Amino acid sequence: MGLGTLLASQNGHLARRFGLRPSIATALLSGVCGAALLLGVTGASANDDCVFDNDTITCSGDQSQGIVGAEPYTSLYVLELSGDISPTDATAIRFDSEGPVAVFSNTGEHAINVTGDGHGIHVTTYGDETSAIVEHVGDISVESGSGVIVESWAGSASTTTGNIVSKGDAIRVKSAISGRANATHTGDLQSAEGYGMS
């Protein structure tokens, strides 16, 4: 099976499973395109380039359009921003992988502000015995979605500091294996239609 056929056959599955636009699902399936996605979600202006070092990505400066992570990387650092992460109709920080994922973000004096459809931070691992970790410092405001979502098969953990205001759940942490989901938060949580923490 050629790469084009493989991408076409798996694109719909990923798009349905993770709620991705078909174009992003296709890129996630292609190793060479996965890194390109980390330069930012589509928008009027381009983000500053991220730095790729072994299995780690570091994004700083202007990341206003949002960040999307993918395999083969396992760690994402977001720090020393020059402004808000403020995408429209997209998630501010998104990472999907078959392997373990850890996301560490600190917006400093800036914040995550999502307008339209999208979440603040959404991390999902879907491989067997994989874990997902999010550690975030900074305020998050989301118009339609959730503030922080962490989902995995074998263990999910979220440690957040700041004020989170969202329409959906402010923080949602799930693990397919019972008892392996943990969330710790310092700050205010406000949800218009969901839970503060679930």
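Just above sits the structure.
All of these numbers come straight from a predicted model, not from anything done at the bench. (Residues numbered from 1 in each chain as written. Predicted model: local features only at pLDDT ≥ 70, side-chain atom pairs only at ≥ 80, totals over all residues. Heavy atoms only, no water.)

## Quick word on the overall build of the protein chain
Part 1 of the reasoning: Scanning the protein chain from N- to C-terminus turns up 3 helices and 14 strands.
Part 2 of the reasoning: Burial status across the protein chain gives 48% buried among its 198 residues.
Part 3 of the reasoning: Looking at the protein chain alone, contacts between residues at least 24 apart form 54% of all its contacts between residues at least 6 apart.
Part 4 of the reasoning: Accessible area of the protein chain: about 9000 Å², with a carbon and sulfur share of 50%. (Helix = DSSP H or I, 4+ residues; strand = E, 2+ residues; numbered from the N terminus. Buried < 20%, exposed > 50% of the residue type's maximum accessible area, 1.4 Å probe, protein only. Contact = heavy atoms within 4.5 Å. Areas by Shrake-Rupley, 256 points an atom, 1.4 Å probe, with all protein chains shown as cover.)

## A short note on the state of the cysteines
Part 1 of the reasoning: Overall, the coordinates contain 1 disulfide when judged by the stated rule.
Part 2 of the reasoning: Sulfur-sulfur distance for the disulfide between Cys50 and Cys59 comes to 2.1 Å. Of note, the bridge from Cys50 to Cys59 carries an S-S torsion of about 110° and is right-handed in sense.
Part 3 of the reasoning: Assessed through its relative accessible area of 0%, Cys59 is described here as buried. (Disulfide = S-S within 2.5 Å.)

## A word on the pattern of salt bridges
Part 1 of the reasoning: Tallied over the full model, the rule gives 2 salt bridges.
Part 2 of the reasoning: Between Asp96 and Arg94 there is a salt bridge, and its shortest N-O distance comes to 3.0 Å.
Part 3 of the reasoning: Asp96 gets classed as buried once you look at its relative accessible area, which sits at 5%.
Part 4 of the reasoning: The class for Arg94 is buried, based on a relative accessible area of 7%.
Part 5 of the reasoning: Linking Arg172 and Asp169 is a salt bridge whose minimum nitrogen-to-oxygen distance equals 3.3 Å.
Part 6 of the reasoning: Relative accessible area serves as the criterion here: at 22%, Arg172 is assigned to the partly exposed category. (Salt bridge = Lys/Arg side-chain N within 4 Å of Asp/Glu carboxyl O.)

## Section: the sheet that holds strand 3 (residues 67-69)
Part 1 of the reasoning: The strand order across the open sheet built from 5 strands is 3-5-7-9-12, with neighbouring strands paired in parallel fashion. Looking at strand neighbours, the two that pair on one side only are strand 3 and strand 12 (171-175), the edges of this open sheet. Pairwise comparison of adjacent strand axes, ignoring direction, gives a mean angle of 5° for this sheet.
Part 2 of the reasoning: As judged from the 5 bridges shared by strand 9 (residues 148-152) and strand 12, these two strands associate in the parallel manner. (Pairing = 2+ DSSP bridges. Axes fitted to C-alpha atoms, helices over the stretch in contact; angles between N-to-C directions.)

## A few points about the packing of aromatic side chains
Part 1 of the reasoning: According to the stated counting rule, one finds 2 aromatic pairs in the structure shown.
Part 2 of the reasoning: Between Phe52 and Tyr73 the ring centres are 5.4 Å apart and the planes differ by 45°, which places this aromatic pair in the tilted class. Here Tyr73 lies in the loop between strand 3 and strand 4 (75-81) and Phe52 lies in strand 1 (residues 51-53), a separation of 21 residues in the sequence.
Part 3 of the reasoning: The exposure class of Phe52 is partly exposed, given its relative accessible area of 33%.
Part 4 of the reasoning: Since its relative accessible area comes to 12%, Tyr73 is described here as buried.
Part 5 of the reasoning: Seen from their ring centres, Tyr77 and Phe104 are 4.9 Å apart, and the 25° between their planes marks the pair as stacked. Within this pair, whereas Tyr77 is found in strand 4, its partner Phe104 is found in strand 6 (residues 101-114), the two being separated by 27 residues in sequence. (Phe/Tyr/Trp six-rings, centres within 6.5 Å; stacked < 30°, edge-to-face > 60°.)

## Some details on the pairing of strand 8 (residues 131-142)
Part 1 of the reasoning: Examined bridge by bridge, strand 6 and strand 8 share 10 bridges and lie parallel to one another. Opposite Phe104, over in strand 8, you have Glu135 as the bridge partner.
Part 2 of the reasoning: Examined bridge by bridge, strand 8 and strand 10 (residues 155-161) share 7 bridges and lie parallel to one another. Opposite Val137, over in strand 10, you have Thr161 as the bridge partner.
Part 3 of the reasoning: As judged from the 2 bridges shared by strand 8 and strand 11 (residues 164-166), these two strands associate in the parallel manner. Looking across to strand 11, one finds that Ser141 is bridged to Val165.

Keep in mind that these numbers describe shape and distance, not what the molecule does.
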